[in-house]
Amino acid sequence: MQELRILIEAEQYVKSILEDDSSGHDWWHIHRVRSLARKIAANEGANIFICELTALLHDLADEKLIGDEEKGLNSIHDWLERNEVNENDIQHILSIIRTMSFKGGNNVAVETLEAKVVQDADRLDALGAIGIGRTFAYAGAKGQLMYDPSIPVRDEMTKEEYRKGESTAINHFYEKLLKLKDLMNTDYGRVLAEERHQYLEEFLQRFLDEWNG
Ligand code: ADP
Ligand code: NI
């Protein structure tokens, strides 16, 4: 019962912070990642409470959202303490969020089963129809074109290049989305990613076919 109460409180807490966000970290992203995390956790035998709670809090230390990762982590720590989550669980949850939001964190291997589950859930939400939608929404918010055939497709870009608008929504597929399926941590996550990846490939094919008449 205590766990259910904490999850409900966490939901309210996250909603209050993300309410007005336009950086792609809206509440519904959190909601989807939480559901995916629950599903993968059940299949992989991970601790469902830790996975759900971490999924709910996972974007609250994101630089894009908070500006300062350490400040974000401190606030999460205080919140968990106030809500009487035990110290072991607090440290576990914070270590998962730290790895996930660390700049270049996608290259740092996560360790615990729960970390693997939540990272997989977050990555799955960048794939499939939802992932396509988020990518175009993000590119639009940043003033990028959806596609520009005069920009050669690149699979590595610097922050500076992004700032100058030298990327496009379609380029983001090559830079990140198509790579995610091979980065999945769990067997069940991989199965889900495979399907969503296939859908990305089909979408890209159609998009480029239509573009080229
Ligand atoms: P998260 O890791 O929590 O899913 P990100 O901050 O990495 O969130 O990205 C939010 C969404 O915006 C994701 O769907 C991602 O694929 C998309 N996105 C991130 N960077 C770009 C970009 N440069 N161009 C287009 N879409 C992007
Ligand atoms: Ni996320």
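Quick caveat, the model's predicted, so the values are computed rather than measured. (Residues numbered from 1 in each chain as written. Chains lettered and ligands numbered in written order. Predicted model: local features only at pLDDT ≥ 70, side-chain atom pairs only at ≥ 80, totals over all residues.)

Trainee: How do you make sense of the overall build of the protein when you look at a structure like this?
Mentor: Of the regular secondary structure elements, the protein holds 11 helices and zero strands. Along the chain direction, N to C, the helices and strands of the protein fall in the order α-α-α-α-α-α-α-α-α-α-α. The burial tally for the protein puts 32% of its 213 residues in the buried class. Counting contacts in the protein only where the partners sit at least 6 residues apart, residues at least 24 apart contribute 59% of the total. (Helix = DSSP H or I, 4+ residues; strand = E, 2+ residues; numbered from the N terminus. Buried ≥ 20, exposed ≤ 12 C-beta atoms within 10 Å, placed from the backbone. Contact = placed C-beta atoms within 7 Å.)

Trainee: So what exactly am I meant to see when it comes to the domain arrangement of the protein here?
Mentor: Interfaces are often sized by the accessible area lost when the parts come together. Domains assigned within the protein are domain 1 (1–108) and domain 2 (126–213). At the junction of the two partners, domain 1 supplies seven residues and domain 2 supplies nine residues. Residue composition of the side of domain 1 that touches domain 2, by class: one nonpolar, four polar and two charged. (Domains from an automatic or database assignment. Nonpolar A, V, L, I, M, F, W, Y, C, P; charged D, E, K, R; others polar.)

Trainee: Would you explain helix H5 (residues 69–82) in this entry?
Mentor: Owing to its 3.6 residues per turn, the α-helix brings residues three or four apart onto one side. Taking 1.5 Å of rise per residue, 14 residues should cover 20 Å, and H5 covers 20 Å from first to last C-alpha, within 8% of that figure. Every buried residue belonging to H5 is among Gly 72, Ile 76 and Leu 80, and all of these are buried. Projected down its long axis, H5 shows its buried positions confined to an angular sector of 70°, all on one face. Exposed side chains of H5 directed beyond 90 degrees from the buried face belong to Glu 70, Lys 71, Asp 78, Glu 81 and Arg 82. Contacts from the buried residues of H5 go to helix H3 (48–57), helix H4 (63–66) and helix H6 (87–101). (Expected span 1.5 Å × (residues − 1). Arc of directions from axis to C-beta.)

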